[in-house]
Amino acid sequence: LTGVQGLFQLSHQQTFLNQLREITGINDIQVLQQALKDSNGNLELAVAFLTAKNAKVPQLEEATYYQTALPGNDRYISVGSQADTNVIDLTGDDKDDLQRAIALSLEESNRAFRETGITDEEQAISRVLEASIAENKASLKRTHPEVWSDSPNPYDRKRQDNCPVGLKNVGNTCWFSAVIQSLFNLLEFRRLVLNFNPPANAQDLPRNQKEHRNLPFMRELRYLFALLVGSKRKYVDPSRAVEILKDAFKSNDSQQQDVSEFTHKLLDWLEDAFQIKAEEERDGEKPKNPMVELFYGRFLAVGVLEGKKFENTEMFGQYPLQVNGFKDLHECLEAAMIEGEIESLHSENSAKSGQEHWFTELPPVLTFELSRFEFNQALGRPEKIHNKLEFPPILYLDRYMHKNREITRIKRDEIKRLKEYLTVLQQRLERYLSYGSGPKRFPLVDVLQYALEFASSKPVCTSPVDDLGASAPASGTLPPQIPPSTIEQQGPSSSDVPSTSPVQRSVIHKPFTQSRIPPDLPMHPAPRHITEEELSVLEGCLHRWRTEVENDTRDLQESISRIHRTIELMYSDKTMVQVPYRLHAVLVHEGQANAGHYWAYIYDHHQNRWMKYNDISVTKSTWEELERDSFGGYRNASAYCLMYINDKEQYLIQEEFNKETGQILVGMDTLPSDLRDYVKEDNKRFEKELEEWDAELAQKAQQEKLLSQIPRASAFQAGEPEYLEQPSRTDISKHLKEDSVQAINKALAEQEDRGPEAIKLEYTRLLKLAQEDPPPECDYRLRHAIVYFIQNQAPKKIIERTLLEQFGDHNLSFDERCRNIMKVAQAKLEMIKPDEVNMEEYERWHQDYRHFRETTMFLMVGLEFFQKKSYMEALLYLIYAYQNNKELLSKGPYRGHDEELISHYRRECLLKLNEHAAALFESGDDQEVNNGLIIMNELIVPCLPLLLVDEMEEKDIVAVEDMRNRWCSYLGQEMEPNLQEKLTDFLPKLLDCSTEIKGFNDPPKLPSYSTHELCERYARIMLSLSRTPADGR
């Protein structure tokens, strides 16, 4: 090749070398050049040669990174386009296939090169890492994953008001939900999809494979978008659209897709579908594709290679950015826009090479793909980069525009000069802050201050060991032949400790073992001899030097701050804030390179707030939460894709208006008639579910009512007292019989005829208990329902009726005195009019108290198991204790137990089980590995949503991250293939954990305890906890 083509080829070769160095971590230029030569310029083959000697050559996919799809010479990024060539299987050992594939690759590259001067390999650079990840995933067999099941109660699945609709995770499809929700909330994109009409000539029979695939997908996407607009469901099922995508990806059902890969593929399909429509509707003009208009831009590449300049224009879709080594988005962009020696671009006679990119046309929707994976050469696999990377809510892109390139170059030169000066100042400041020549260094100001304190201390006339001689015993504790100075140099030793009788020890001061300092010993070391004149001169010098150092340090810090501020404001003038892009969506990935979970933060431009879309869960969020989860450096979560929109193009987010009335169209009114009918039919089906559920509940309630009336009727016919027709509290009074008898005996002991006063005395006793503040082990609420009622401010009539039912219980009528009290209580019960006590409310209070006792038993048994280290048994009890207690506390602060205490032991239980399961996995024994994974799948994974549902519980969130990190740490370790397979199958379940709470088994059965037994066992377990205080109590 000669002339311009040869120049381009040299430039592209240099680009390949730079990318190979970055991907593989190999810096030897000869090794990299040899790999490129051996692979005939194919970048993927070169990576394979470099990363493993026995690595199989990556299979050529049906997708090529760039493909000419528009007439003319314009090129643009279009990931996932269908290739017209046959795919050659390179996974076998057939060398002919390999040679044929290389020849085919060269033929395709040369053809594309002749057309545009740009090789397909160069355009595939940013996909090499993803291809490596996909190859690693494909090498492992998967089993069918667990799918979140719907709640049987349709009201749990009902949409609340106009809350956004979520998307159900139908098997590791969080990647789909994150991307679709981000695009759906772009109103212009939503309108394009909803109003898409398939071409008329494609209705009967698709002309090619693209139409056969893309048009059905467009149909399902329209249905899905319509449901997201008008469904009455809290979330909808995207299975039909996902299945079409998965077929195209040729992946197993359980394989998680990469967000950027899926976004490329999705936009490519949509582009093809709209291109078919555009070609049908064109009238002699070049057809316009709305997907291209919306998502694709152009940049100018200006470069110099060995003194020769080149310049060409390219189109781009998602713009890839490297994360490693950069602190914010602007630094990433600066690095992406400049490659090589930038000075060579401005000089005529330079042999250096360099390249600049300048945006000539930005798309309305600008997507940045953050490359958070790097290839670990030692392990032969990709790893995720968790470094922190900041990005702004408003991004000004003026400095990257071609029209501003002259002023930007001037500013870049100024920033470079300032940074060089900044480096010098920081080095000088460091000398002041880390002063000294030894391994330990200190701020110079402190060194001078310490010297001043030493000089100013009261002088001492003796050595620090000489003053001990007078009080030492006759035998002496220091050998006379060793001078004190030698001991000072050697330091204390075992021989320094005197060996004397107890009497002698009492009068000896041992400087190295005794903590009490004698009153005449100086607090600090001090000069041995110093004159007033010497001290005066020294103090003056030290004071002056300290002031000079403080001033120098302050001047340096102020200068550094000024330079930082100048750099920050370099692009803040009016001419450089004319191209604002607002952050629309952030796609977040949590996990490692091989497994993880995706969700999205999307800005609601009309409500001016952030929303978090996490599969079926759609919740309000804040910029602070987005920062925490998206910037990286905190846990394993970080942004993977940023979607910005042109802030001046209001049509992107503008609501639709009725052309006749001028009113805003919302909800179903925005849908075309066919989609409106589709959504109405789906809503009817859901309404039928609600009606059937209501009918089922009504039927159950009627049956329970009939059953509850049977015993009351038979009791009335048998001549029982009338009060038994009303709900009795016999289940409680059987525990209170002893208390009632004691109250009666006490009243009779005071006065023979005061038996009826027993009721009043009992109430006084209970009121006093309710007003006391006992220690945690003495919970008086367990002793009597009335204590619980008083503390929670139950209505007086409910308290009165409860007390009367206690004394009116016929079980107390074993002697004359008790029968008299019983009759009094029954008479007072009969005097209570039906409208004075709301029996439904009365029943609710007693139901709450039973619930409280059950919660106490769950907690007590769970803690007992925990102390016995039976963590599997303890977990279920503590889970039910926490859930029941949370429900109680929602009604009042004294309805339940200390939530933090239960939360702590539930969390500790999970952490200990997680460690146990990990230890079993590490053993490598098949049976133990399986047991460990059973613990994780059946106990821990279902519990994680319980810890994540309340994002204010920071300790729970940290515990979940600790458990996940424990298992993610195995990804970087060598292990047997069967262990790797099991780990890769399990990790998505651990990481892909939404806040949807799955149903557990029935609660464990509780033993029957008397009130005395319950109080005694509760006190015993709480006392044992107080002896070993736990974090969180």
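Residues numbered from 1 in each chain as written. Predicted model: local features only at pLDDT ≥ 70, side-chain atom pairs only at ≥ 80, totals over all residues. Heavy atoms only, no water.

Under the annotation held in an unreviewed UniProt entry, the protein chain carries the name Ubiquitin carboxyl-terminal hydrolase 25 and is attributed to Malurus cyaneus samueli. Under the Function (unreviewed entry) heading, UniProt states for the protein chain: "The muscle-specific isoform (USP25m) may have a role in the regulation of muscular differentiation and function." Its UniProt record, at the heading Catalytic activity (unreviewed entry), says of the protein chain: "Thiol-dependent hydrolysis of ester, thioester, amide, peptide and isopeptide bonds formed by the C-terminal Gly of ubiquitin (a 76-residue protein attached to proteins as an intracellular targeting signal)." (UniProt positions renumbered as here; feature names shortened; annotations may be inferred.)

Trainee: Quick question: what am I supposed to make of the UniProt feature "coiled-coil region" (unreviewed entry) in the protein chain here?
Mentor: Within the UniProt annotation, "coiled-coil region" (unreviewed entry) is assigned to residues 676-703. Here residues 676-703 is 100% helix and 0% strand, with 41 Å between the C-alpha atoms at its ends. (Helix = DSSP H or I, 4+ residues; strand = E, 2+ residues; numbered from the N terminus.)

Trainee: Where do I start with the environment of Asn 931 in this structure?
Mentor: Inspection of the secondary structure assignment puts Asn 931 in helix H29 (residues 926-948). A sequence separation of 14 residues divides Asn 931 from Ala 917, and the C-alpha atoms of the two residues are 7.5 Å apart.

Trainee: Please explain unusual backbone geometry as it appears in this structure.
Mentor: Most peptide bonds adopt trans geometry, and most residues besides glycine take a negative phi value. Phi is positive for Asp 161, which is not a glycine, with a value near 50°. Inspection of the secondary structure puts Asp 161 in the loop between helix H6 (128-138) and strand E3 (166-167). Even without glycine at this site, Gln 793 takes up a positive phi of about 60°. Turning to its location among the elements, Gln 793 is positioned in the loop between helix H23 (785-791) and helix H24 (796-807). Given a relative accessible area of 71%, Gln 793 falls into the exposed group. (Buried < 20%, exposed > 50% of the residue type's maximum accessible area, 1.4 Å probe, protein only.)

Trainee: Which parts of the structure should I look at to understand helix H15 (residues 444-456)?
Mentor: Side chains that are three or four residues apart share a direction in an α-helix, a result of its 3.6 residues per turn. With 13 residues, H15 should reach 18 Å at 1.5 Å per residue; the first-to-last C-alpha distance of 18 Å fits that figure. Looking only at H15, the buried set comprises Leu 444, Val 445, Leu 448, Leu 452 and Ala 455. Mapping the buried residues of H15 onto a view down its axis gives an arc of 105°, with all of them on the same face. (Expected span 1.5 Å × (residues − 1). Arc of directions from axis to C-beta.)

Trainee: Teacher, can you tell me more about the pairing of strand E18 (residues 637-646) here?
Mentor: Every other side chain in a regular strand lies on the same face of the sheet, so the side chains alternate between the two faces. Along E18, 10 of the 10 residues are buried, which leaves the element largely enclosed by surrounding structure. Two elements, strand E10 (residues 365-371) and E18, share 5 bridges in a ladder whose sense is antiparallel. Each residue of the ladder has a partner; that of Thr 367, found in E18, is Met 643. Pairing geometry for strand E14 (residues 580-591) and E18, over 9 bridges, is antiparallel. Counted as the bridge partner of Ala 585 is Met 643 from E18. (Pairing = 2+ DSSP bridges.)

Trainee: How should I be thinking about a negative patch on the surface in this particular structure?
Mentor: The grouping of Glu 548, Asp 552, Asp 555 and Glu 558 at the surface amounts to a negative patch. With respect to the element layout, Asp 552 can be found in helix H18 (residues 532-568). (Patch = residues over 30% accessible without salt bridge, like charges linked within 9 Å, V, L, I, M, F, W, Y side chains within 5 Å. Areas by Shrake-Rupley, 256 points an atom, 1.4 Å probe, with all protein chains shown as cover. Salt bridge = Lys/Arg side-chain N within 4 Å of Asp/Glu carboxyl O. Lys, Arg positive; Asp, Glu negative; His and termini not counted. Charge placed at Lys NZ, Arg CZ, Asp CG, Glu CD.)

Trainee: Would you explain the pattern of salt bridges in this entry?
Mentor: When the charged atoms of two side chains lie near each other, side chains of opposite charge can form a pair. What the rule picks out here adds up to 41 salt bridges. Arg 240 serves as the salt-bridge partner of Glu 220, at 3.3 Å between the closest nitrogen and oxygen. Here the residue Glu 220 occupies a position in helix H9 (residues 209-230), and Arg 240 occupies one in helix H10 (residues 239-249), the gap between them amounting to 20 residues. Taken together, the salt bridges that share partners define one network made up of Arg 157, Arg 233, Asp 682, Arg 685 and Glu 689.

Trainee: Before we go on, may I ask you to explain the packing of aromatic side chains in this structure?
Mentor: With the rule as written, the count across this model stands at 33 aromatic pairs. Summarising the aromatic geometry, the rings of Phe 299 and Tyr 319 are spaced 6.2 Å apart at their centres and angled 85° between planes, so their arrangement reads as edge-to-face. A residue pair is termed long-range when its members are at least 10 positions apart, and Phe 299 in strand E5 (residues 297-305) and Tyr 319 in strand E7 (residues 319-322) qualify at 20 residues. Each member of the pair, Phe 299 as well as Tyr 319, is classed as buried. For the pair Trp 610 and Trp 623, a centre-to-centre distance of 6.0 Å together with 40° between the ring planes defines the contact as tilted. Taken as a pair, Trp 610 in strand E16 (residues 609-614) and Trp 623 in helix H19 (residues 623-630) lie far apart in primary sequence, 13 residues in all. On the accessibility criterion, Trp 610 (8% relative accessible area) is buried. (Phe/Tyr/Trp six-rings, centres within 6.5 Å; stacked < 30°, edge-to-face > 60°.)

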